[in-house]
Amino acid sequence: MPFYRINKPLLLLFFWFNLAFAQNFPGKNYTSANELPNNTVRSLLVDSNNTLWIGTDNGVVKKENDLLKSFFEEDGLAMNSCWAIAEDHNNHIWFGSYGGGVSIYDGRNFKVISEADGLIHNEVTKLFSFKDHMFVGTSDGVSVININSLEIYSPKALTQDELFRVTGFFEFQELLYISTYRTGIYKISFKKDQFILEKVNDHKFIYSVFVDNDSIYSSNKGFYTKNLLADYVNSDDSIITNKLGRSIIWDHVKTVNNMIYAAAWGIYDTNGGIYEIKNNELISRASDFNIPSKNIISVAYDENFERLYIGSLEAGLFEINLDPQVKFNEISGNDVLGFAETKNTSAILLNDGLLLKQAKNEQKISLNQLKQWQQEYVRTTKIPLPKYEDSFYELDYTTRAEEIMFYDIKVSEKKYWLNTNIGIYVIENSGELERYIPLHSEEINFTKNGDLIETHPYGGIRIYSDLDTFQFEYYEQEAPQTPTLVVNSLGRGPKTYFLSVFSGLYSWEEGKFRSYLDEGIWRESKLRHITPLGRDMAISNEFGDIFIVNDEDQFDILQKIPRAKIPGNTISFLKEYKDHLLIGTEKGLTIFKDRRQILLDSEQGLKQPFLSTVVKENRLFLGTNGGYYNIDLDAVIDPKTLVDQVKLEGIYINNNELPLKQIPGKEKINLAYDQNTVLLEFSTTAHPYPKKLKYQYRLNPNADWSLPSSKPEIFLPFLPSNDYEVTLRVLDGSTGMYYTQSLTKLSINPPFWKSWWFILMIIIFLLLLVFIIYKYQIRQHKKFESQKRIIQKRFEETKMEALLAQMNPHFIFNAMNSIQNYIVDSDIDNASIFLGDFAKLIRLNLDHCTKPKILLEEEIEYLRSYIRVENTRYNYTIKVSFNIDPTIDTYDVEVPTMILQTFVENVFVHAFPASVSTPVLEISFRQLSPNLLQCKIEDNGVGISNNHTHKLHESKGVSLVKERLALLGYDVEKTIQINSRKNKGTTIIVQLAI
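Just so we're clear, the structure is a prediction, and the values are computed from it rather than from any experiment.

Reading the values: the criteria
- Residues numbered from 1 in each chain as written.
- Predicted model: local features only at pLDDT ≥ 70, side-chain atom pairs only at ≥ 80, totals over all residues.
- Heavy atoms only, no water.
- Phe/Tyr/Trp six-rings, centres within 6.5 Å; stacked < 30°, edge-to-face > 60°.
- Helix = DSSP H or I, 4+ residues; strand = E, 2+ residues; numbered from the N terminus.
- Buried < 20%, exposed > 50% of the residue type's maximum accessible area, 1.4 Å probe, protein only.
- Salt bridge = Lys/Arg side-chain N within 4 Å of Asp/Glu carboxyl O.
- Patch = residues over 30% accessible without salt bridge, like charges linked within 9 Å, V, L, I, M, F, W, Y side chains within 5 Å.
- Areas by Shrake-Rupley, 256 points an atom, 1.4 Å probe, with all protein chains shown as cover.
- Lys, Arg positive; Asp, Glu negative; His and termini not counted.
- Charge placed at Lys NZ, Arg CZ, Asp CG, Glu CD.
- Axes fitted to C-alpha atoms, helices over the stretch in contact; angles between N-to-C directions.
- Left-handed = near helix turned anticlockwise from the far one by under 90°.
- Contact = heavy atoms within 4.5 Å.
- Polar contact = N/O pair within 3.5 Å; in protein donor to acceptor, adjacent residues only side chain to side chain.
- Core = buried A, V, L, I, M, F, W, Y, C linked by side-chain atoms within 4.5 Å.
- Pairing = 2+ DSSP bridges.
- Parallel < 35°, antiparallel > 145°, perpendicular 65-115°, else oblique.
- Nonpolar A, V, L, I, M, F, W, Y, C, P; charged D, E, K, R; others polar.
- Expected span 1.5 Å × (residues − 1).
- pLDDT = per-residue confidence, 0-100.

Peer 1: I keep staring at the packing of aromatic side chains and nothing clicks. Help me out?
Peer 2: We describe a pair of aromatic rings using the distance from one ring centre to the other and the angle between the two ring planes. Evaluated as defined, the whole model comprises 54 aromatic pairs. Summarising the aromatic geometry, the rings of tryptophan 522 and phenylalanine 547 are spaced 5.3 Å apart at their centres and angled 80° between planes, so their arrangement reads as edge-to-face. Here tryptophan 522, found in the loop between β45 (512-515) and β46 (527-533), pairs with phenylalanine 547, found in strand β48 (residues 546-550); they are 25 residues apart in sequence, far enough to count as distant. Residue tryptophan 522 is classed as buried on the basis of its relative accessible area, which comes to 5%. For phenylalanine 547, a relative accessible area of 5% corresponds to the buried category.

Next up, the structure:
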């Protein structure tokens, strides 16, 4: 059958079957709209610490990992315009300004050297470090500065009629040479303690020079030359100069892979840009690096991380990753929707067709070809086409070729099964159609025997035993074991698994389906993705959680990876590689194993969407819009440690900087108690992906780690007085590795009032004070004894008055009167009983009045006797109840004598006039605490009104009780609480110490 042959290899991308397509390099663009102070980047330097220095027309920028810091004239820079940058052997950075001389930066401060200090000219064009000297090329001469003493030498050329504008320096045979724009090539030598310039030849109009091994590239007006160094510095000007290129080169770099990149700007021409010099040709890399600028004037190279930095006149700085972890291969105008392979061929599914390769034969099956195959089948088939009324999802045979959508591509029995919205195609390795199946199913798979399984969201499942005769077994949707709404599947050993977004996990084995949800095996219902993982499987749900399960002998959930531990919320795919779980989300690719977790995202050049994925040998291929990503998994999961050192950069105490030079070595930093708000700034080893770094700290070895932070600083507010060892842990998300290092030691000294000597003084003072008080107490003791006798006498008088108040004549008269009434009424029995109760009460009164305290049991007995006497006169109409907390031992608790009787008497005297029909008196005892007893007297009488003539607080008996309690050391106001409302009764609470 016909197919389309591909004769242009540039239309295909490099897959594992060696299709050749252009590779794009991920990069960043820094401009004045975000990080840079100016878009003109004239000079670049990667120093020995992998720090990038950027010289612009308006200041210098230091790029350390992902932090950019700008320096200007107000920070000590000679001038904001920076045309040259170099590093000397002392690791100091030199900046050449075009008009202000040079600035030397030691990491903290700037030192400026200008014409006023002996510099030959303030317009610095080039800087070159050579041994113990820095050579400063200017617009009119060269100066040599000793990097240790800063002594300046300014040698003069022996013959010089024009401006001596330096355009470059280069070494040859341990000598230093200088290229100039108009005056030729010079050699600089040191003779008789002086630097001497000697003209070598008259090569003119040189914009830049670059030495490569024994050759030198020299840029001129609109071309460059390549010569042997020995010939170039020969005094004979008649060297052969082949004009190469077509632009002016201003800067060069050479990579570890021996690639030479050139920064070109044609001044008045538009032939500038970023070029690679290869085989004596200038090859533009602007499209590969995505650099639109034609005005490139500076380049720098970081060999540790394979980064190329490119400075432009108007578009800022470009950072290019020359060896990215994530390589992108472009197919212009196409989306990569799937990958597949058989033993002899490979396939890649694009949005406009299927690419196949067999040996050297590359083919493309187009959408038109797929449509023709369908039309031919419909025209010639003798088997009835599936219809909706037969529970099939009926195809629309009028669908045009350009409307074809691809669902998936799978391999079964060494053939490609291409699933589309117009049917299923079985394609041979040769690219010919083996069969067309008029079925619509978004997810298909196969049994162990290779039978096709067709899933239908709302129409059950069909398993085809014979596709030639369209013979199948149908499993109705209504059956609980039939998978519905299938979104993914996996064939593994004897089982084929199906995932449903509503009804969980299913499997097909030995001729029947099994529902894990319906059988209660696994309650997870909303599932999305599945992949093998060694002997186990990884399954994700709709919400982003991942479950590691084993279903060999019985179903076991071995581990749950919650969504919170995975960057991103929505999982787009799951794959396995060497027991590592590959997880695709909207945040990127996470590689997970045990506790190690690696993240690849946009920082490494990996961007959404992920349309397809496959693992082939040691590489992961991710299909996306316009091409696919190619990732070396071995390089990702077995990387070298990138962070092996943390450096303390700054310490701020209460917002004031503490100079690091005041902290020798790693000695402890001693701070006063009020210097307890500390900010520590630190930096790590240079890192290719600094946004992947997270930092945690702890203040002592037994403390918990802080929450991760992306800022390279530790803020410690209001530290208590103590000794601290600040330890930093760096989590590298690009490698999944930790690095831990002690950062510094702090000691917050206590205030003087917490120091040992002050505490000792306080103790001595207190002892002295105690001694003085003791002596004073002795002197007061005699006075107290005399007062005590007076108080005791008053106490006895109060006690007797209280006794008289309790047994006042009115009460005795009423009692005797009651006895008389019983006798007159000839009620001898009641008279006898009443007389006995009255006599007992008198006896108890006489017994207790001489004691300061009595047992609670005795107090209760006295109250019962008193109440019986009083209640007899009321014909027992008053209902009386005693409630005693069972936890109280009444034979063990002592209370002041006859404190409660006065309050009970007031109840009988004032609370129950004839208007109270059902008088009730409740007396309760409750232990509030081991040392506190609550006594409560409650009645439902008339209460106390404002105009009552016998107010309770005016009762003499109550006043005597209060006086007694005061003498016993009670706070009367807290001890006695009286609550009374008119016609609502009265509650008296007395709290006594026990």
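Peer 1: Explanation requested: the pattern of salt bridges in the structure shown.
Peer 2: Side chains that differ in charge, positive against negative, can pair when their charged atoms come close. This structure, assessed with the given rule, holds 34 salt bridges. Salt-bridge contacts for lysine 616 lead to glutamate 341; the nearest nitrogen and oxygen are separated by 2.8 Å. In this pair, lysine 616 is assigned in strand β54 (residues 612-616) and glutamate 341 in strand β30 (residues 326-341), connecting sequence segments 275 residues apart. Owing to a relative accessible area of 18%, lysine 616 belongs among the buried residues under this scheme. Between aspartate 634 and lysine 578 there is a salt bridge; the shortest N-O distance is 3.0 Å. Linking aspartate 634 in helix α4 (residues 633-637) with lysine 578 in the loop between β50 (571-577) and β51 (580-585), this pair joins segments that are 56 residues apart in sequence. For aspartate 634, a relative accessible area of 23% corresponds to the partly exposed category.

Peer 1: Can you walk me through a negative patch on the surface in this structure?
Peer 2: A surface patch of negative charge is lined by Glu389, Asp390, Glu394 and Asp396. Residue placement: aspartate 396 occurs in the loop between α3 (367-380) and β34 (406-412). A residue is classified by how much of its surface remains accessible, and aspartate 396, at 42% relative accessible area, is partly exposed.

Peer 1: Can you walk me through the packing of helix α7 (residues 828-848) against helix α8 (residues 856-873) in this structure?
Peer 2: A pair of packed helices is characterised by two quantities: the angle between their axes and the separation of those axes. The N-to-C vectors of α7 and α8 enclose an angle of 145°; their axes lie 9 Å apart at closest approach. Helix-helix and strand crossings are classified by hand; for α7 and α8 the assignment is left-handed. For the pair α7 and α8, the contacting residues are Phe834, Asp837, Phe838, Lys840, Leu841, Leu844, Asn845 and His848 in the first and Glu858, Glu861, Tyr862, Ser865, Tyr866, Arg868, Val869, Thr872 and Arg873 in the second.

Peer 1: I tried to follow a nonpolar patch on the surface on my own but got confused; where do I start?
Peer 2: Where nonpolar side chains cluster on the molecular surface, the patch consists of Tyr673, Phe752, Trp753, Trp756, Trp757, Leu760, Met761 and Ile764 and spans about 920 Å² of accessible area. Here leucine 760 shows up in helix α5 (residues 756-806).

Peer 1: Any chance you could explain the environment of lysine 692 here in plain terms?
Peer 2: Secondary-structure assignment places lysine 692 in the loop between β59 (678-684) and β60 (693-698). C-alpha separation for the pair lysine 692 and serine 734, spaced 42 residues apart in sequence, amounts to 5.9 Å. If we skip the residues at most four places from it in the chain, lysine 692 touches Leu599, Asp601, Glu603, Gln604, Leu731, Asp732, Gly733 and Ser734. Only 3.1 Å separates the side chain of lysine 692 from the side chain of glutamate 603, close enough to count as a polar contact.

Peer 1: What exactly am I supposed to notice about the nonpolar core here?
Peer 2: Across soluble globular proteins, you tend to see nonpolar side chains buried next to one another. Core analysis: the largest hydrophobic core is formed by 46 residues, its most contacted members being Val904, Leu921 and Phe925. At seven residues, the largest contribution of residues to this core is made by α8. If we ignore the near neighbours within four places in the chain, the residues touching leucine 921 are Ile867, Ile878, Lys879, Val880, Ser881, Val904, Val907, Phe908, Ile937 and Glu938. Formed by 25 residues, the second largest nonpolar core is a distinct cluster that contains Ile653, Leu671, Phe682 and Tyr724.

Peer 1: Any chance you could explain the side chain of arginine 462 here in plain terms?
Peer 2: Within the secondary structure, arginine 462 sits in strand β40 (residues 460-466). Polar side-chain contacts of arginine 462 include one of 3.1 Å to the backbone oxygen of serine 391. Ignoring any residue separated from it by four or fewer positions in sequence, one finds arginine 462 in contact with Asp390, Ser391, Phe392, Leu452, Ile453, Glu454, Phe472, Glu473 and Tyr474.

Peer 1: Could you clarify how one ought to interpret the pairing of strand β4 (residues 41-46) in this entry?
Peer 2: In terms of burial, β4 is largely enclosed, as five of its six residues are buried. Across five bridges, the pairing between β4 and strand β5 (residues 52-56) is antiparallel. Looking across to β5, one finds that serine 43 is bridged to glycine 55. Connecting the antiparallel pair β4 and β5 is a turn made up of five residues, with asparagine 50 showing a positive phi of about 65°.

Peer 1: Please explain the sheet that holds strand β53 (residues 596-600) as it appears in this structure.
Peer 2: Read across the open sheet, the four strands follow the order β50-β51-β52-β53; overall the sheet is antiparallel. Every other strand in the sheet has two partners, leaving β50 and β53 as the edge strands with one partner each. Neighbour-to-neighbour, the strand axes of this sheet turn through a mean angle of 20°, independent of strand direction.

Peer 1: Please clarify how the packing of α8 against helix α9 (residues 901-911) should be interpreted in this entry.
Peer 2: Between α8 and α9, whose axes approach to 11 Å, the crossing angle comes to 20°. With respect to their mutual orientation, α8 and α9 come out roughly parallel. Between α8 and α9 lies a crossing whose hand is right-handed. In contact with Glu859, Tyr862, Leu863, Tyr866, Ile867, Glu870 and Asn871 of α8, α9 contributes Gln901, Val904, Glu905 and Phe908. Looking at the contact of α8 with α9 residue by residue, the classes come out as six nonpolar, two polar and three charged.

Peer 1: Would you mind showing me how to read the sheet that holds strand β16 (residues 166-172) here?
Peer 2: Pairing between the strands of a sheet is mediated by backbone hydrogen bonds and can be parallel or antiparallel. Pairing is antiparallel across the open sheet formed by four strands, whose spatial order is β16-β17-β18-β19. Sheet topology places β16 and β19 (194-201) at the edges, where each strand pairs with a single neighbour. Between one strand axis and the next, the sheet turns through 30° on average, direction left out of account. Two elements, strand β18 (residues 185-191) and β19, share seven bridges in a ladder whose sense is antiparallel. Paired with lysine 191 across the two strands is glutamine 194, which belongs to β19.

Peer 1: Looking at this model, I keep getting lost on α3. Mind explaining?
Peer 2: Count 3.6 residues to each turn of an α-helix, and residues three or four apart come out pointing the same way. A rise of 1.5 Å per residue sets the reference length of α3, with its 14 residues, at 20 Å; its end C-alpha atoms lie 20 Å apart and thus fit the reference within 8%. Every buried residue of α3 is listed here: Leu367, Gln369, Leu370, Lys371, Trp373, Gln374 and Tyr377. At its buried positions, α3 is contacted by β32 (353-358), β33 (361-366), β34, β35 (415-420), β36 (423-427) and β37 (433-437).

Peer 1: Looking at this structure, how should I read the confidence of the model for the protein?
Peer 2: Detailed reading of the predicted model is not advised wherever pLDDT is low. Considering every residue of the protein, the mean pLDDT works out to 88; 92% of them sit at 70 or more. Confidence over residues 1-21 falls short of pLDDT 50; this stretch has 62 contacts with residues more than four positions distant or in other chains. Across residues 947-953 the pLDDT falls below 50, and counting only partners more than four positions away or on other chains, this stretch makes 12 contacts in the model.

Peer 1: How should I be thinking about α9 in this particular structure?
Peer 2: Counted residue by residue, α9 has nine buried out of 11 residues, so it is predominantly covered. Of all the positions in α9, only Gln901, Thr902, Phe903, Val904, Glu905, Asn906, Val907, Phe908 and Ala911 are classed as buried.

Peer 1: When you look at unusual backbone geometry in this model, what are you seeing that I'm missing?
Peer 2: What is expected of a backbone is that most residues other than glycine have negative phi and most peptide bonds are trans. Omega for the peptide link from glutamine 608 to proline 609 comes to 0°, which places this bond in the cis form. Here proline 609 shows up in the loop between β53 and β54. Residues other than glycine seldom take positive phi values, yet leucine 150 does so here, at roughly 60°. Positionally, leucine 150 belongs in the loop between β14 (141-146) and β15 (152-153). A relative accessible area of 28% means that leucine 150 is categorised as partly exposed. Here the phi dihedral of lysine 414 falls at roughly 65°; this positive angle occurs in a residue that is not glycine. Looking at where lysine 414 falls in the secondary structure, it is placed in the loop between β34 and β35.

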